[in-house]
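Inside the fold
Each chain, written out:
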Amino acid sequence: MPDPGNPGNPGQPGNSGEPGNAGRRGSPGNRAEPADPFPQDLARYLAASTGLPQPTVVRIIADVATYFNETIEEFVRRRHTELQQRQRKNDEIWPLIAAELGQRRFAAPGLSERQLRRIVYG
């Protein structure tokens, strides 16, 4: 769900504001085109099953992809700022963030081909 204070979350890392580019993070020197952030048939399926217009579904999928592409560091900084703005003190904030970290999924770090091979072959 987009932050009401930041419509479309265009400043969110990995999101250029273009729905089709949510979560794309290229690495310098990597010439391969990043994979689609989501299968196009997912957008068609959700549009058909919910009755929402296709552009709305694409934006929702992009927002969800951006949400799940947030790194641990980005999440901690964002939540700390949000909680400070709600007048919370650090001694309340740190345990809350620590608990929230255990309930979240985070973007995997970028891996080189060598690192991927080591995962498979040891």
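The coordinates are above.
Residues numbered from 1 in each chain as written. Predicted model: local features only at pLDDT ≥ 70, side-chain atom pairs only at ≥ 80, totals over all residues. Heavy atoms only, no water.

Concerning the overall build of the protein chain
Along the protein chain, the regular secondary structure elements total five helices and zero strands. If you list the helices and strands of the protein chain from N to C, you get α-α-α-α-α. When contacts within the protein chain are restricted to residue pairs at least 6 apart in sequence, those whose partners lie at least 24 apart make up 41%. Of the accessible surface of the protein chain, which amounts to about 9000 Å², a share of 55% is contributed by carbon and sulfur atoms. (Helix = DSSP H or I, 4+ residues; strand = E, 2+ residues; numbered from the N terminus. Contact = heavy atoms within 4.5 Å. Areas by Shrake-Rupley, 256 points an atom, 1.4 Å probe, with all protein chains shown as cover.)

Here's the deal with the packing of helix α3 (residues 72-85) against helix α4 (residues 90-101)
Relative orientation of the contacting elements α3 and α4 amounts to 140 degrees, with a least axis distance of 10 Å. By the angle class used here, α3 and α4 are oblique. Of the two elements, α3 crosses α4, and the hand of that crossing is right-handed. Across the interface between the two elements, I72, F75, V76, R79, H80, L83 and Q84 from α3 touch N90, I93, W94, L96, I97, E100 and L101 from α4. Grouping the constituent residues of the contact of α3 with α4 by class yields nine nonpolar, three polar and two charged. (Axes fitted to C-alpha atoms, helices over the stretch in contact; angles between N-to-C directions. Parallel < 35°, antiparallel > 145°, perpendicular 65-115°, else oblique. Left-handed = near helix turned anticlockwise from the far one by under 90°. Nonpolar A, V, L, I, M, F, W, Y, C, P; charged D, E, K, R; others polar.)

Considerations on a nonpolar patch on the surface
On the surface, a cluster of nonpolar side chains totalling about 400 Å² of accessible area is made up of L52, I60, V64, Y67 and F68. Tracing the backbone shows L52 in the loop between α1 (40-50) and α2 (54-68). The class for L52 is partly exposed, based on a relative accessible area of 36%. (Patch = residues over 30% accessible without salt bridge, like charges linked within 9 Å, V, L, I, M, F, W, Y side chains within 5 Å. Salt bridge = Lys/Arg side-chain N within 4 Å of Asp/Glu carboxyl O. Buried < 20%, exposed > 50% of the residue type's maximum accessible area, 1.4 Å probe, protein only.)

Quick look at the packing of aromatic side chains
Scanning the entire structure with this criterion turns up one aromatic pair. An angle of 90 degrees between the planes, with centres 5.1 Å apart, marks the rings of Y67 and F68 as edge-to-face. When its relative accessible area of 39% is taken as the criterion, Y67 is described as partly exposed. The ring of Y67 carries R104 above its face, with NZ or CZ at 4.2 Å from the centroid. (Phe/Tyr/Trp six-rings, centres within 6.5 Å; stacked < 30°, edge-to-face > 60°. Lys NZ or Arg CZ within 6 Å of the ring centre and 35° of its normal.)

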